[in-house]
Amino acid sequence: MQESALSSEFQTASVLSCKYDDPVQALRHDLHDELSIVESLIQENLDSEYVARIVQIGEYIFSAGGKRLRPILTIACACLFGPTGRHHLNFAAAIEFIHTTTLLHDDVVDSSSQRRGRPTANLLWDNKSSILVGDFFFARAFQLMVDTRSLAALAVIAESSVTISEAEVMQLAWQHDITISEDDYFRIINGKTACLFAAAAQVGALIAGASESESQAAFRFGRALGISFQIRDDVLDFDGCKLSLGKDLGDDFRDRKMTLPMIRAMQAASTEEQDFWKRTIAEGQQHEGDFEYVRFLLKSRGHLEQVQEEAVAWSEKAKRELENLPPHPLRDRLEWLADFSAIRQN
């Protein structure tokens, strides 16, 4: 979308803010033209001349929709700095490919059967296909990025890819371990979630000519936003709505994933409660009613409330970093997104 078009759109920004229920919808409206190009880039790069299964799985995964938050961050942060050409769109599509790769791989590692309210690819096809098609998407991402010839932006994504991979292995190493610390938890979510948010925002700024200090502020904004999103996810798994989430409540507990609410509960656990956590998480012996007991513990002891406050604190950090970026109606949208990250229902 050209700068003049953006200016025209935002003459009615206050009206649009009322029109949409959340900032993601508003940003998708604001950036409709550029997001349409990103979707076209994704569709073009799903193609495989010889392997129909790549196309089948790709079309199935991307047809599920999703928020497209990472491409939105790349485009919005680029637009803060004025006319950008087309290179930021290549990076936006590439980042969505990388994100989709992590989803395919995670579903295999976690033996998941549902994502976004639909059967997972590994359930409909098989684990091997999901892993290998994910690898194909990852390769496509780097093809898209190399075409821009932006070494600085490519270095950001390469570093982010390393961090994601490390976090995946770290999470596997801590799987079912009730001695995990909060520091280790934050290292994991920084790698699995926040670093790609951070890279998406920073790359957008870099491509558009931001200074070093501005690109670092964009990085910190994306990182804080991603951490807020992940902590809110942790809360929603115990206190959300199945219809909104598109999955069952308690999946993290049943999968024995050590999330922040459970870590906080274990830190304050009585001897009896420690035995409960050892049985259900470390040993994997879960009985009917265990999840309801966990929800009671987390709510009655104030752990969910404390963790929710942590999500809000990270959203406030994200908003403070936005103050270091150029004033723009899109910056206001991103501030709304930061607030929304800590209170959303899906």
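Residues numbered from 1 in each chain as written. Predicted model: local features only at pLDDT ≥ 70, side-chain atom pairs only at ≥ 80, totals over all residues. Heavy atoms only, no water.

A.B. asks: Got a sec to walk through empty space enclosed by the protein? Specific residues and values, please.
C.D. replies: Across all of its chains, the model carries two cavities of 30 Å³ or more by this definition. In this structure, the largest cavity occupies an estimated 120 Å³ of space. In this structure, the largest cavity is lined by Tyr-60, Ile-61, Ala-64, Thr-100, Leu-103, Leu-104, Asp-107, Arg-115, Arg-116, Arg-118, Pro-119 and Thr-120. Contributing elements (two or more residues each) for the lining of the largest cavity: helix H5 (52–63), helix H7 (87–109) and strand E2 (118–119). Here the lining of the largest cavity takes four residues from H7, the largest share from any one element. Split into classes, the residues belonging to the lining of the largest cavity amount to six nonpolar, two polar and four charged. Estimates place the volume of the second largest cavity at around 40 Å³. What lines the second largest cavity is Ala-265, Glu-273, Trp-277, Leu-297, Arg-301 and His-303. The residue inventory of the lining of the second largest cavity, partitioned by class, reads three nonpolar, one polar and two charged. (1 Å grid on protein atoms, 1.4 Å probe; cavity = no way out; pocket = protein on both sides within 12 Å on 5 of 7 lines; lining within 4 Å. Points joined across faces, edges and corners; volume = space filled by probe spheres on them. Helix = DSSP H or I, 4+ residues; strand = E, 2+ residues; numbered from the N terminus. Nonpolar A, V, L, I, M, F, W, Y, C, P; charged D, E, K, R; others polar.)

A.B. asks: Hey, could you go over the state of the cysteines for me, with residue numbers and the actual values?
C.D. replies: If you walk through the whole model with that rule in mind, you get zero disulfides. Unpaired in terms of disulfides, Cys-79 finds its nearest cysteine sulfur in Cys-77, a separation of 9.5 Å. Cys-79 gets classed as buried once you look at its relative accessible area, which sits at 6%. This cysteine, Cys-195, is not joined by any disulfide, and Cys-77 carries the nearest cysteine sulfur, 16 Å off. (Disulfide = S-S within 2.5 Å. Buried < 20%, exposed > 50% of the residue type's maximum accessible area, 1.4 Å probe, protein only.)

A.B. asks: Tell me what's going on with the environment of Glu-49, and back it up with residues and numbers.
C.D. replies: As for its placement among the helices and strands, Glu-49 is situated in the loop between helix H4 (32–45) and H5. What makes Glu-49 exposed here is its relative accessible area of 67%. At 3.5 Å, the side chain of Glu-49 and the side chain of Tyr-50 are in polar contact. (Polar contact = N/O pair within 3.5 Å; in protein donor to acceptor, adjacent residues only side chain to side chain.)

A.B. asks: Please give an account of the nonpolar core that cites residues and values.
C.D. replies: Among the nonpolar cores identified, the biggest contains 97 residues, and Leu-31, Leu-225, Ile-231, Phe-253, Trp-277, Leu-334 and Leu-337 are the most heavily contacted of them. Ranked by residues supplied to this core, first place goes to helix H11 (residues 182–207) with 14 residues. Residues in contact with Ile-231, not counting those within four places in the same chain, are Tyr-185, Phe-186, Ile-189, Leu-260, Val-307, Glu-310, Ala-311 and Trp-314. (Core = buried A, V, L, I, M, F, W, Y, C linked by side-chain atoms within 4.5 Å. Contact = heavy atoms within 4.5 Å.)

A.B. asks: Can you explain the layout of surface pockets? Please cite residues and give values.
C.D. replies: The probe, sized like a water molecule, is rolled over the atoms to show the empty space still left. One number sums up the size of the second largest pocket: a volume of about 260 Å³. Sorting the residues of the lining of the second largest pocket by element identifies H7, helix H9 (127–146) and helix H10 (151–173) as the ones contributing at least two each. Classifying every residue of the lining of the second largest pocket by side-chain character gives seven nonpolar, five polar and two charged.

A.B. asks: Tell me about the pattern of salt bridges, and name the residues and values.
C.D. replies: If you walk through the whole model with that rule in mind, you get 19 salt bridges. Salt-bridge contacts for Asp-107 lead to Arg-115; the nearest nitrogen and oxygen are separated by 2.8 Å. With relative accessibility at 5%, the residue Asp-107 sits in the buried group. The salt bridge involving Glu-182 is made with Arg-264; its shortest N-O contact spans 2.6 Å. Placement of the pair is Glu-182 in helix H11 and Arg-264 in helix H15 (residues 260–267), with a sequence separation of 82 residues. One network of salt bridges, in which partners are shared, links Glu-39, Arg-68 and Glu-96. (Salt bridge = Lys/Arg side-chain N within 4 Å of Asp/Glu carboxyl O.)

A.B. asks: Break down unusual backbone geometry for me, citing the residues and quoting the values.
C.D. replies: Although it is not a glycine, Arg-68 adopts a positive phi angle of roughly 60°. On the secondary structure map, Arg-68 appears in the loop between H5 and helix H6 (69–79). At His-176, a position not held by glycine, the phi torsion is positive, near 65°. Of note, His-176 is situated in the loop between H10 and H11.

A.B. asks: Would you mind going over the side chain of Asp-252 in detail, with residue names and values included?
C.D. replies: Secondary-structure assignment places Asp-252 in helix H14 (residues 251–254). There is no salt bridge for the buried Asp-252, and the closest opposite charge comes from Lys-257, which lies 4.4 Å off by N-O distance. Dropping the residues within four chain positions of it, Asp-252 is found in contact with Asp-234, Asp-237, Lys-257, Thr-259 and Met-262. (Lys, Arg positive; Asp, Glu negative; His and termini not counted.)

A.B. asks: Give a description of the side chain of Arg-256 that names residues and reports values.
C.D. replies: Examined against the element boundaries, Arg-256 turns out to sit in the loop between H14 and H15. Within the buried set, Arg-256 has no salt-bridge partner at all; the shortest N-O distance to an opposite charge, 8.6 Å, is to Glu-283.

A.B. asks: Go over the packing of H6 against H7, please, and point to the residues and values.
C.D. replies: Their axes nearest at 8 Å, the elements H6 and H7 cross at an angle of 160°. By the angle between their directions, the pair H6 and H7 is classed as roughly antiparallel. Crossing angle aside, the handedness with which H6 passes H7 is right-handed. Contacts between H6 and H7 involve Arg-70, Pro-71, Thr-74, Ile-75 and Ala-78 on the former and, on the latter, His-88, Leu-89, Phe-91, Ala-92, Ile-95, Glu-96 and His-99. In terms of residue class, the contact of H6 with H7 is built from seven nonpolar, three polar and two charged. (Axes fitted to C-alpha atoms, helices over the stretch in contact; angles between N-to-C directions. Parallel < 35°, antiparallel > 145°, perpendicular 65-115°, else oblique. Left-handed = near helix turned anticlockwise from the far one by under 90°.)

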